[in-house]
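Here's the letter readout for the chains.
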Amino acid sequence: IFELQDAVEDIIMWKNTPNTLLAMVIYVYICLYPQLLILLPFVGLFSVLFSYYQKRFPDEQYMNINGRNGGKKRFKRSNRVDDPYLPPENSVDYLKNMQNIQNLMGMISDGYDSFIPLLKHVDWSNEYETLKITQIIIVTLSILSLTVWLVPWRYILVVAGLNVFIANTQFVKALIKEISPVLIQRGRTLTQSLVSSEKEKDKEGMNNNGDTEVPGRVNVDPNTAGS
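Predicted model, so just to flag it, every value in this text is computed and none were measured. (Residues numbered from 1 in each chain as written. Predicted model: local features only at pLDDT ≥ 70, side-chain atom pairs only at ≥ 80, totals over all residues. Heavy atoms only, no water.)

Caption draft 1: Region of interest: the UniProt feature "transmembrane region" (unreviewed entry) in the protein chain. Mapped onto the present numbering, the UniProt feature "transmembrane region" (unreviewed entry) falls on residues 26-53 and 130-149. For residues 26-53, helix accounts for 75% and strand for 0%, while the C-alpha atoms at its two ends are 24 Å apart. Annotated as 90% helix and 0% strand, the span residues 130-149 places its first and last C-alpha atoms 29 Å apart. (UniProt positions renumbered as here; feature names shortened; annotations may be inferred. Helix = DSSP H or I, 4+ residues; strand = E, 2+ residues; numbered from the N terminus.)

Below is the structure:
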């Protein structure tokens, strides 16, 4: 699991440029031709077989079909009882695996703690809020059920997926690092201006309500009340 996670991170973070470019090409082809998803399990299984073949026979660069031993490569049955995938205890790989397990447990715990508070919006503890969410979901589902067939999802997925790779390039990271403080400052300024304008509108509304004459009521000037 952690090897797969590291491989995905290496591809997305451009740690191996040829692999990243290859992954981008494969992703685009899969989005444009989703029928290729049927071939993925077999390609993945073949990759696993080839990878373990290289580990099992490191001296062989390729399968020796017309070599020695009568033109065929003879495979020996392994009688090893110990699990070859478990690293020795207290080794570097063992300690690394333990650290990865602890990090994964921490991520799951943090995700759980972040997800549980969101349930209060849908568990009908606040009936008004949950009812509004239900109405929004029904309306959105009705609209999407009629328009989902008109949206070019293939191209949207291509653009969205490639943006993940592009966002992790050194140029885009540096650009985001330079622009983000400016955008945050402008966002704060815009938010403060909106809040202040809303407050001014509320004050004006309160003043207008206070100056409005109530029907049937006579306004008396306190300076002329004695006369």
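Caption draft 2: Here's a closer look at the pattern of salt bridges. Overall, the coordinates contain one salt bridge when judged by the stated rule. Lys15 is paired through a salt bridge with Asp10; the nearest N and O atoms lie 3.7 Å apart. The exposure class of Asp10 is partly exposed, given its relative accessible area of 30%. (Salt bridge = Lys/Arg side-chain N within 4 Å of Asp/Glu carboxyl O. Buried < 20%, exposed > 50% of the residue type's maximum accessible area, 1.4 Å probe, protein only.)

Caption draft 3: Focus on the environment of Ile26. Following the sequence through the fold, Ile26 ends up in helix H2 (residues 17-32). Look at Ile26 and you get partly exposed, because its relative accessible area is 41%. Considered as a pair, Ile26 and Leu36 are 10 residues apart in the sequence and their alpha carbons are 9.7 Å apart.

Caption draft 4: Region of the structure containing the confidence of the model for the protein chain. Summing up the model confidence of the protein chain, the mean pLDDT is 80 and the portion of residues at 70 or higher is 79%. Here residues 65-70 scores under 50 on pLDDT; set against residues more than four positions off or in separate chains, the count is four contacts. (pLDDT = per-residue confidence, 0-100. Contact = heavy atoms within 4.5 Å.)

Caption draft 5: Quick peek at H2. Compared with the 22 Å implied by 1.5 Å per residue over 16 residues, the 23 Å span of H2 between its first and last C-alpha is a close match. The set of residues buried in H2 consists of Thr20, Ala23, Met24, Val28, Ile30 and Cys31. End-on, the buried residues of H2 take up no more than an arc of 165°, which puts them together on one face. If you follow the buried residues of H2, they end up packed against helix H1 (2-12), helix H3 (40-56) and helix H6 (153-167). (Expected span 1.5 Å × (residues − 1). Arc of directions from axis to C-beta.)

Caption draft 6: Structural view of the packing of H2 against H6. Where H2 contacts H6, the axes come no closer than 9 Å and their chain directions differ by 165°. The orientation of H2 relative to H6 falls into the category roughly antiparallel. Like other packed secondary-structure pairs, H2 and H6 cross with a definite hand, here right-handed. Each of Thr20, Ala23, Met24, Tyr27, Val28, Cys31 and Leu32 in H2 lies in contact with H6, whose residues at this interface are Arg154, Tyr155, Leu157, Val158, Gly161, Leu162 and Phe165. (Axes fitted to C-alpha atoms, helices over the stretch in contact; angles between N-to-C directions. Parallel < 35°, antiparallel > 145°, perpendicular 65-115°, else oblique. Left-handed = near helix turned anticlockwise from the far one by under 90°.)

Caption draft 7: Molecular detail of unusual backbone geometry. The phi torsion at Trp14 lies on the positive side, around 60°, for a residue other than glycine. Among the secondary structure elements, Trp14 is positioned in the loop between H1 and H2. One non-glycine residue with positive phi stands out, namely Trp124, at about 60°. When you line up the elements, Trp124 lands in the loop between helix H4 (92-115) and helix H5 (127-147).

Caption draft 8: Looking closely at the layout of surface pockets. In this structure, the second largest pocket occupies an estimated 350 Å³ of space. Lining the second largest pocket are Leu4, Ile26, Tyr29, Ile30, Leu36, Leu39, Leu40, Val43, Gly44, Ser47 and Val48. For the lining of the second largest pocket, the secondary-structure elements that each account for two or more residues are H2 and H3. Residues belonging to the lining of the second largest pocket are distributed by class as follows: nine nonpolar, two polar and no charged. (1 Å grid on protein atoms, 1.4 Å probe; cavity = no way out; pocket = protein on both sides within 12 Å on 5 of 7 lines; lining within 4 Å. Points joined across faces, edges and corners; volume = space filled by probe spheres on them. Nonpolar A, V, L, I, M, F, W, Y, C, P; charged D, E, K, R; others polar.)

Caption draft 9: Examining the packing of aromatic side chains more closely. Summed over all chains, the structure comprises three aromatic pairs. Ring geometry for Phe46 against Phe50: centres 6.4 Å apart, planes inclined by 20°, an arrangement best described as stacked. Placement of the pair is Phe46 and Phe50 together in helix H3, with a separation of four residues, close to one helical turn. (Phe/Tyr/Trp six-rings, centres within 6.5 Å; stacked < 30°, edge-to-face > 60°.)

Caption draft 10: Region of interest: a negative patch on the surface. The grouping of Glu3, Asp6, Glu9 and Asp93 at the surface amounts to a negative patch. For the negative patch, the leading source of residues is H1, giving three residues. Along the chain, Glu3 falls in helix H1. What makes Glu3 exposed here is its relative accessible area of 65%. (Patch = residues over 30% accessible without salt bridge, like charges linked within 9 Å, V, L, I, M, F, W, Y side chains within 5 Å. Areas by Shrake-Rupley, 256 points an atom, 1.4 Å probe, with all protein chains shown as cover. Lys, Arg positive; Asp, Glu negative; His and termini not counted. Charge placed at Lys NZ, Arg CZ, Asp CG, Glu CD.)

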